[in-house]
Amino acid sequence: MALMATSLVPASLSIPKQGKSSVFLRETILFGVSLSHTNKSDFNSYALRSKRELQQKIGAVRAQTAATATPAITRVAPEGKKTLRKGSVVVTGASSGLGLAAAKALAETGKWHVIMACRDFLKTERAAKSAGIAKENYTIMHLDLASLDSVRQFVNNFRQSGRPLDVLVCNAAVYLPTAREPTFTADGYELSVGTNHLGHFLLSRLLLEDLNKSDYPSRRMIIVGSITGNTNTLAGNVPPKANLGDLRGLAGGLNGLNTSSMIDGGNFDGAKAYKDSKICNMLTMQEFHRRYHEETGITFASLYPGCIATTGLFREHIPLFRILFPPFQKYITKGFVSEDEAGERLAQVVSDPSLTKSGVYWSWNKNSASFENQLSQEASDEAKARKVWEISEKLVGLA
Ligand code: NDP
Ligand code: PMR
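Overview of the structure.

How each quantity is defined
Residues numbered from 1 in each chain as written. Chains lettered and ligands numbered in written order. Predicted model: local features only at pLDDT ≥ 70, side-chain atom pairs only at ≥ 80, totals over all residues. Heavy atoms only, no water. Helix = DSSP H or I, 4+ residues; strand = E, 2+ residues; numbered from the N terminus. Buried < 20%, exposed > 50% of the residue type's maximum accessible area, 1.4 Å probe, protein only. Areas by Shrake-Rupley, 256 points an atom, 1.4 Å probe, with all protein chains shown as cover. Axes fitted to C-alpha atoms, helices over the stretch in contact; angles between N-to-C directions. Parallel < 35°, antiparallel > 145°, perpendicular 65-115°, else oblique. Left-handed = near helix turned anticlockwise from the far one by under 90°. Contact = heavy atoms within 4.5 Å. Nonpolar A, V, L, I, M, F, W, Y, C, P; charged D, E, K, R; others polar. Near = heavy atom within 4 Å. Polar contact = N/O pair within 3.5 Å; in protein donor to acceptor, adjacent residues only side chain to side chain. Core = buried A, V, L, I, M, F, W, Y, C linked by side-chain atoms within 4.5 Å. Pairing = 2+ DSSP bridges. Salt bridge = Lys/Arg side-chain N within 4 Å of Asp/Glu carboxyl O.

**Some words on the overall build of the protein chain**
- On a plain count of helices and strands, the protein chain comes out with twelve helices and ten strands.
- The proportion of buried residues among the 399 residues of the protein chain is 54%.
- A total accessible area of about 17300 Å² is found for the protein chain, and carbon and sulfur atoms account for 52% of it.

Here it is as structure tokens:
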């Protein structure tokens, strides 16, 4: 890989016009750098059925938000005090970065048991140990989001474990910015969209039923989004820009054979495929909210945790990018956030009683206070969300 020039600040801050965008990023990538190429004890109280479940049995439809002020399920401690049982949260991609940091933050509260849903068991075990997560606070379960069979198997295994599902966090992702040719999931879908969107789409659709059965007072489904998929921001205007177009590639099956591997039907671009997948994540969260929030009371939310420039997400990027990206984000854009801080943010969205609003895309300001952010026009397009949902249902075998 030949590196031709480096000029850090001025070039980096000028955003090329859209027409030249893919040339800019495919060939230059960043900074004016030119490239030529189980422990079950904590859920015993699950057996105690809540009023909610009883209502479901008699077919009553709840129309309340998840912001229940008084916890519905309690168990009576020996001294007679009522305590809320530990929450049970599934976090995908908890073997590194944001997912690991959030798992740690949640486990440390003593209020959560984290199911680390990961494709590499040993890596996850080592990561959990070196992060100092206490053994009784986590369980590792195998999940490869790049295989729909594995997603279904995970759901079966999870159900067999007997654990309740109180919160689902769809966090895992791959980013392949330097790939010249598409690679594919076990089911033949382009890898970034196949993993980040379709794998999570099937997982969240299947686990909705389990979330709905939970007697926990605030049940949530969180899908990690990103600023880079939102073209209403400076970061979202760095080429190649996210754009789902008319979804012809998605409808064609993203297989790169008889149809395009890109959602919009265009030529393969790994960085764009990632950003497109993030739009799909944010659209999916809102579609869940529209379809199921009123009926189930489950909170559906998305977030941009900040730029966690040190994570494994950039492992496929060129070495120079990985060196320059953290200081660029720290000192130039000031969008940098540490893995620990980002983990705390995600943990807030999982469990903070003040973040129960559904249909929200959370972000944090400079003082690290959360606020409801605006999604770009495309990432909040209702018609597109419905279409993405319907096409994705077919691709994952639900319709
Ligand atoms: P990491 O690479 O550190 O974490 C990604 C995780 O996803 C890893 O645990 C990885 O597992 C897992 N994963 C990848 N492919 C699969 C698969 N097929 N099946 C199961 N798990 C898989 O990156 P981040 O922590 O940065 O990313 C976490 C989330 O945060 C992503 O959704 C990303 O889009 C989002 N995000 C990140 C930002 C950042 O600046 N870093 C900014 C905005 C959003 P393994 O360890 O086995 O590779
Ligand atoms: Mg970006 C306000 C400025 C800002 C922020 C918050 C981000 C976040 N970025 C900003 C600006 C810029 N970036 C500018 C001006 C440039 C041009 C030099 C730039 C470039 C850039 C590249 C090449 N940025 C990137 C890349 C990546 O490969 C990262 C990416 O898109 O991954 C998908 C990335 C990111 N910038 C961010 C964030 C959060 C990312 C990565 C993460 C993500 O969406 O998951």
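**Digging into the packing of helix H6 (residues 148–161) against helix H7 (residues 191–213)**
- Running from amino to carboxyl end, H6 crosses H7 at an angle of 25°, the nearest separation of the two axes being 9 Å. Taken together, H6 and H7 sit at an angle that is classed as roughly parallel. The chirality of how H6 crosses H7 is right-handed. When H6 is examined against H7, the residues Leu148, Val151, Arg152, Phe154, Val155, Phe158 and Arg159 are found in contact with a partner set consisting of Leu198, Gly199, Leu202, Leu203, Leu206, Leu207, Glu209 and Asp210.
- Class assignment of the residues belonging to the contact of H6 with H7 gives a composition of ten nonpolar, one polar and four charged.

**Examining the site of ligand 1**
- If you check the shell around ligand 1, you find 31 residues, and the closest are Ser95, Lys123, Asn171, Tyr274 and Thr311.
- Take isoleucine 308: an N or O atom from its main chain is 2.8 Å from an oxygen atom of ligand 1.
- Protein coverage of the free-state accessible area of ligand 1, which is 890 Å², stands at 97%.
- When contributions to the shell around ligand 1 are tallied by element, the ones reaching two or more residues are helix H4 (97–108) and helix H9 (270–296).
- Grouping the amino acids of the shell around ligand 1 by side-chain chemistry returns 15 nonpolar, eleven polar and five charged.

**Some thoughts on the nonpolar core**
- In this structure, Phe154, Leu168 and Leu203 are the most contacted members of the largest nonpolar core, which totals 62 residues.
- When near neighbours in sequence (up to four residues on either side) are disregarded, leucine 168 contacts Val90, Leu203, Ser204, Leu207, Leu211, Arg220, Met221 and Ile222.
- In this structure, Ala107, Tyr138, Ile140 and Trp364 belong to the second largest nonpolar core, which totals 38 residues.

**Quick word on the sheet that holds strand E7 (residues 220–224)**
- Judged by pairing direction, the sheet is mixed, and its eight strands sit side by side in the order E5-E4-E3-E6-E7-E8-E9-E10 without closing on themselves. The open sheet has two free edges, formed respectively by strand E5 (138–142) and strand E10 (370–372), since each of these has just one partner strand. Ignoring which end each strand starts from, the neighbouring axes of this sheet average 25° apart.
- When E7 meets strand E8 (residues 299–303), the two strands line up parallel, connected through five bridges. In the strand pairing of E8, methionine 221 is matched with phenylalanine 300.
- Its contacts with the sheet put H7 on strand E3 (87–92), strand E6 (167–170), E7 and E8, and the angle it makes with E6 is roughly 175°.
- Along the sheet, helix H11 (residues 339–351) contacts E3, strand E4 (112–118), E6, E7, E8, strand E9 (360–364) and E10; its crossing angle with E7, the most-contacted strand, is approximately 150°.

**Brief notes about the pattern of salt bridges**
- Summed over the entire model, instances satisfying the criterion amount to 18 salt bridges.
- The partner of arginine 159 in a salt bridge is glutamate 209, and the shortest N-O contact between them spans 3.8 Å. Taken together, the residues span a long stretch of sequence, with arginine 159 in helix H6 and glutamate 209 in helix H7 at a distance of 50 residues.
- Under the relative-accessibility criterion, arginine 159 is labelled partly exposed at 35%.
- Classification of glutamate 209 by relative accessible area gives partly exposed; the value is 46%.
- As a salt-bridge pair, aspartate 210 and arginine 159 come within 2.7 Å of each other at their nearest N and O atoms. Placement of the pair is aspartate 210 in helix H7 and arginine 159 in helix H6, with a sequence separation of 51 residues.
- With a relative accessible area of 7%, aspartate 210 lands in the buried category.
- Beyond isolated ion pairs, a larger network of salt bridges with shared partners links Arg159, Glu209, Asp210 and Lys213.

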